[in-house]
Amino acid sequence: MNQTDLIKKIYYNYLQKIDEARAFFDRPLTYTEKILFSHLSEDLFSIPSRTKTFCTLKPDRVAMQDATAQMALLQFINSGMQTTAVPSTVHCDHLITAITGADDDLNNALITNKEVYDFLKSVCAKYGIGFWKPGAGIIHQTILENYAVPGAMMIGTDSHTPNAGGLGMIAIGVGGADAVDVMTDSPWEVNWPGIIGVKLTGKLSDWSSPKDIILKLAGILTVKGGTGKIIEYFGEGTENISCTGKATITNMGAEVGATTSLFPYDKKMYEYLLATNRKDIANLAENIKDHLKADDDVHSNPDKYFDEVIEINLSDLEPHIVGPYSPDLSRRISEIPSAIKDNNYDDDLKVGLIGSCTNSSYEDIEKAAHVAKQALNAGLKAKSEFYITPGSNQIKATMERDGYTKIFEDLGGKVLANACGPCIGQWKRSDIDDGEKNTIITSFNRNFAKRNDGNAATESFVASPEIVTALAIAGKLSFNPTSDKISLSDGSSFSFSSPYGSELPEIGFEQIGSDDFLKAELKPETQIVIKNESERLQVLAPFSAWDSNEMKELKILLKAKGKCTTDHVSPAGPWLKFRGHLENISQNMYSGALNAFTDTNGEAINLISGDIQNIYEVSKVYKKNNINWVAVADENYGEGSSREHAAMEPRFMGCKIVLAKSFARIAQTNLKKQGIIPLIFRDKNDYDKIESSDTISTLNLNEFNSETNLKLSLNKPDGSSMIIETIHTFSSNQVGWFKAGSALNLIAKKSN
């Protein structure tokens, strides 16, 4: 079925279902509820309780990036399916390391990653999955340009999949096992989400940008304020934001823990669909435009329909900068000089980086180029190193055609490959030593320690592309382009005027042909080769099922202190090359986590020898001796990426339970999928009672079901013990995953 016919089918069902939904809820509907209800695979029998009731959904599409696709497809191969149940694509964007520049870096990636690319290409051919080649573009920009559709639903094996919400689509980041659910037409089970309404009024002007909306919101909600919820934007302010600007905002909804974010359909989306050669789909959406938004009473009386309403006046919005080390440490740009002084940040800006999946649209590039051109006209060049990452070949070709690439290069900038690169740590940086304190600023989305360059001492800040460009020219984090001046060599001074950028290129995007993409043509005769001696790929062996016994005397491998994101559990960067080899990538397990027992990162106490050792080496000893273990964690465990390796590695090395004060949504689901039990402290103070020599036993695992919470015994070396009460969020179906050993084990059993 071609895409236009697919959308016709989706919209026919959508219109039928929203009438049913209004009758079912007996009230007007949010846009979120319309899309969710129209994608239910099993009927609801009562009004769902937000964030609590489980429902099963049937998304229209699956997208996978090359790092997470390896494990997803290794699992899919074991499912017994002949092809995918929904249209699916793989996008090769994560494995290209930024070293010298676009052409050399892409050629290097094609050589060093050949085995992985050949594997992905062959699996795609065998099972009828679309394949976007290395260098074609970053997954989220490619999705926006080709597949995102208002009113539809997709999942993607990357946490920034919500980027497509800028085109009015519910797009949810998931782990690979969730993708396998949808590709095998198995029930995809999620909690019915809460809904946060964000009302936008006024209009952006001067240096304020769509990026500043989400940077301000991150400061309001914090990194876990959106957990279990969808952010739905509304208000007249939404109509003044470009489609790609909306995508920037929904992309970074992941930074507040939101399930996804979305905007109502409007003229900006129609224009973007036309500009990206989807006139038929644009017209289909235009025909039902009154339904591709919340009902009128929702906008008139938002407090009745949203769990929380936040209002942002765009006319008053000042440019924001967030960081370092957390995307919710948000400040107005006018507050940065005092923040530098108060926190001893390094004001000298080493590097500025723009682009990535979050901010690489034509509008972003043109605004940054407008800032750069002003500086060039004044005889200035960038004082900081300056890098530009185009989001797709379409963007790259258009910026070259329109002269923006030359402007950046004249400024001293370097254009990188159409790939994630420094945004995910794929950056071979040579200007600093490891451990050297320094400051960088990016237009990316995340800024955790080590996130961009592997150096924990790098203080990474995030802002809009135009602010990043101006600061790279000034060479100072404290520079405020809205008010400050730069001294010139002749004694005069220079100040920037507000940046300008067209939402879409005046003469259209440059045409790039179809070499970037291999169509989803089913070729079941295709051979998939995984060599036994490969260091990059490994056939997955099923995890063992639960033995129906209580878990006794589990050792506590670590007690994570503070943030324990997926970057702490399974860092990216150089480890990306092992994403298809579970045994090898497990060597990075918890290498970034701060262990309260040792007060060091990536180390643990070997309770057999008593020595403090590398945490993987300790787990390796435990695995060899059939010793299972628990990981204890602080708040919002697993914040960040969707990478399921952060669940599969602990499972592979013997983890049975992760006990935390709270969990990020994707991380919690990924643990369940792989047969680990994520448990939440009922009393958060119990975290402080756990010591390194303690063990943990389950007391009522044989009674485990969706209604029964588990009790743990915390056993002390002196023979005493105490009970830790916990809370779980398992549904009946998810309890079945645990008992079977993993969700995939259940799928394979049903398929066979």
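In this report, the structure presented in the accompanying data block is examined. (Residues numbered from 1 in each chain as written. Predicted model: local features only at pLDDT ≥ 70, side-chain atom pairs only at ≥ 80, totals over all residues. Heavy atoms only, no water.)

We now examine the overall build of the chain. Secondary structure assignment for the chain yields 24 helices and 32 strands. Here the C-alpha radius of gyration of the chain, 25 Å, is about what a compact globule of 752 residues would show, namely 27 Å. Burial analysis of the chain (752 residues in total) assigns 63% to the buried set. Long-range pairs, those at least 24 residues apart, make up 75% of the contacts in the chain between residues at least 6 apart in sequence. (Helix = DSSP H or I, 4+ residues; strand = E, 2+ residues; numbered from the N terminus. Rg over C-alpha atoms; globule rule 2.2 N^0.38 Å. Buried < 20%, exposed > 50% of the residue type's maximum accessible area, 1.4 Å probe, protein only. Contact = heavy atoms within 4.5 Å.)

Let us now look at the sheet that holds strand 21 (residues 517-518). On the basis of which strands lie adjacent, the open sheet formed by six strands has the order 6-5-2-3-4-21 and mixed pairing. With partners counted over all chains shown, the strands left at the sheet margins are strand 6 (170-173) and strand 21, one partner each. Across four bridges, the pairing between strand 2 (residues 61-65) and strand 3 (residues 88-91) is parallel. Bridge pairing in strand 3 links Gln 65 to His 91. Most of the contacts of helix 5 (residues 114-127) go to strand 4 (residues 130-132), to which it runs at about 155°, and overall it touches strand 3, strand 4 and strand 21. (Pairing = 2+ DSSP bridges. Axes fitted to C-alpha atoms, helices over the stretch in contact; angles between N-to-C directions.)

Per the stated rule, a full pass over the model turns up zero disulfides. Not part of a disulfide, Cys 243 finds its nearest cysteine sulfur in Cys 357, a span of 15 Å. In this structure Cys 655 is a free cysteine whose sulfur lies 11 Å from that of Cys 564, the closest cysteine sulfur available. (Disulfide = S-S within 2.5 Å.)

Another point: the pairing of strand 17 (residues 438-442). Most of strand 17 is tucked away: five of the five residues are buried. Along strand 17, one buried face is formed by Asn 438, Ile 440 and Thr 442 and the opposite face, lined by Thr 439 and Ile 441, is buried too. Inspection of the sheet shows strand 14 (residues 349-355) paired to strand 17 by four bridges, in the parallel sense. Within the sheet, the bridge partner assigned to Leu 349 lies in strand 17 and is Thr 439. Inspection of the sheet shows strand 17 paired to strand 18 (residues 458-462) by five bridges, in the parallel sense. Paired with Thr 442 across the bridge in strand 18 is Val 462.

Moving on, we come to the packing of aromatic side chains. In this structure the tally under the stated criterion is 24 aromatic pairs. Judged by centre distance (6.2 Å) and plane angle (35°), the rings of Phe 25 and Trp 192 are tilted. Taken as a pair, Phe 25 in helix 1 (residues 3-25) and Trp 192 in the loop between strand 7 (188-191) and strand 8 (194-201) lie far apart in primary sequence, 167 residues in all. Accessibility classification places Phe 25 together with Trp 192 in one group, the buried group. Judged by centre distance (5.5 Å) and plane angle (35°), the rings of Trp 546 and Phe 738 are tilted. (Phe/Tyr/Trp six-rings, centres within 6.5 Å; stacked < 30°, edge-to-face > 60°.)

Relative to each other, helix 9 (residues 243-251) and helix 10 (residues 267-275) sit at 105°, their axes nearing to 8 Å. Looking at the two axes, helix 9 sits roughly perpendicular to helix 10. Each of Cys 243, Thr 244 and Lys 246 in helix 9 lies in contact with helix 10, whose residues at this interface are Lys 268, Met 269 and Tyr 272. Considered class by class, the residues forming the contact of helix 9 with helix 10 number three nonpolar, one polar and two charged. (Parallel < 35°, antiparallel > 145°, perpendicular 65-115°, else oblique. Nonpolar A, V, L, I, M, F, W, Y, C, P; charged D, E, K, R; others polar.)

Here the focus is the side chain of Ser 731. Structurally, Ser 731 can be placed in the loop between strand 32 (721-727) and helix 23 (732-740). For Ser 731, a relative accessible area of 4% gives the class buried. Side chain to side chain, Ser 731 and Glu 189 meet in a polar contact 2.4 Å long. If we ignore the near neighbours within four places in the chain, the residues touching Ser 731 are Phe 54, Glu 189 and Ser 706. (Polar contact = N/O pair within 3.5 Å; in protein donor to acceptor, adjacent residues only side chain to side chain.)

Our next topic: the environment of Tyr 12. Note that Tyr 12 resides in helix 1. You can call Tyr 12 exposed: its relative accessible area is 57%. In this structure, the C-alpha to C-alpha distance between Tyr 12 and Ser 692, residues 680 residues apart in sequence, is 58 Å.

For the rest of this paragraph, the subject is unusual backbone geometry. Going from Gly 323 to Pro 324, the amide bond is cis rather than trans, its omega being 0°. Looking at where Pro 324 falls in the secondary structure, it is placed in the loop between strand 12 (320-322) and strand 13 (330-332). Phi angles above zero are rare outside glycine, and Tyr 325 is one such case at about 70°. By the element assignment, Tyr 325 lies in the loop between strand 12 and strand 13. We classify Tyr 325 as partly exposed; its relative accessible area is 28%.

Right, let's get into the environment of Ser 697. Its place among the elements puts Ser 697 in strand 30 (residues 695-698). Separated by 397 residues in the primary sequence, Ser 697 and Ser 300 have C-alpha atoms spaced 53 Å apart. Other than its neighbours up to four places away in sequence, Ser 697 contacts Met 551, Lys 552, Glu 553, Lys 711, Leu 712, Ser 713 and Asn 715. Reaching out from Ser 697, the side chain makes a polar contact with the backbone nitrogen of Glu 553 at a distance of 2.9 Å. Side chain to side chain, Ser 697 and Asn 715 meet in a polar contact 3.1 Å long.

With eight of eight residues buried, helix 7 (residues 176-183) is to be regarded as a mostly interior element. For helix 7, the complete set of buried residues consists of Gly 176, Ala 177, Asp 178, Ala 179, Val 180, Asp 181, Val 182 and Met 183. Phi turns positive, to about 60°, at Asp 185, one or two residues after helix 7.

On to the pattern of salt bridges, then. Scanning all chains against the criterion turns up 37 salt bridges. In this structure, the salt-bridge partner of Arg 332 is Glu 318, at a minimum N-O distance of 3.5 Å. Linking Arg 332 in strand 13 with Glu 318 in the loop between strand 11 (308-313) and strand 12, this pair joins segments that are 14 residues apart in sequence. Judged by its relative accessible area of 37%, Arg 332 falls in the partly exposed class. Taking relative accessible area as the criterion, Glu 318 reaches 22% and is therefore assigned partly exposed. Within the structure, one salt-bridge network assembled from shared partners comprises Asp 19, Arg 22, Lys 34 and Asp 295. (Salt bridge = Lys/Arg side-chain N within 4 Å of Asp/Glu carboxyl O.)

Remember that the coordinates give geometry; whether it matters functionally is a separate question.
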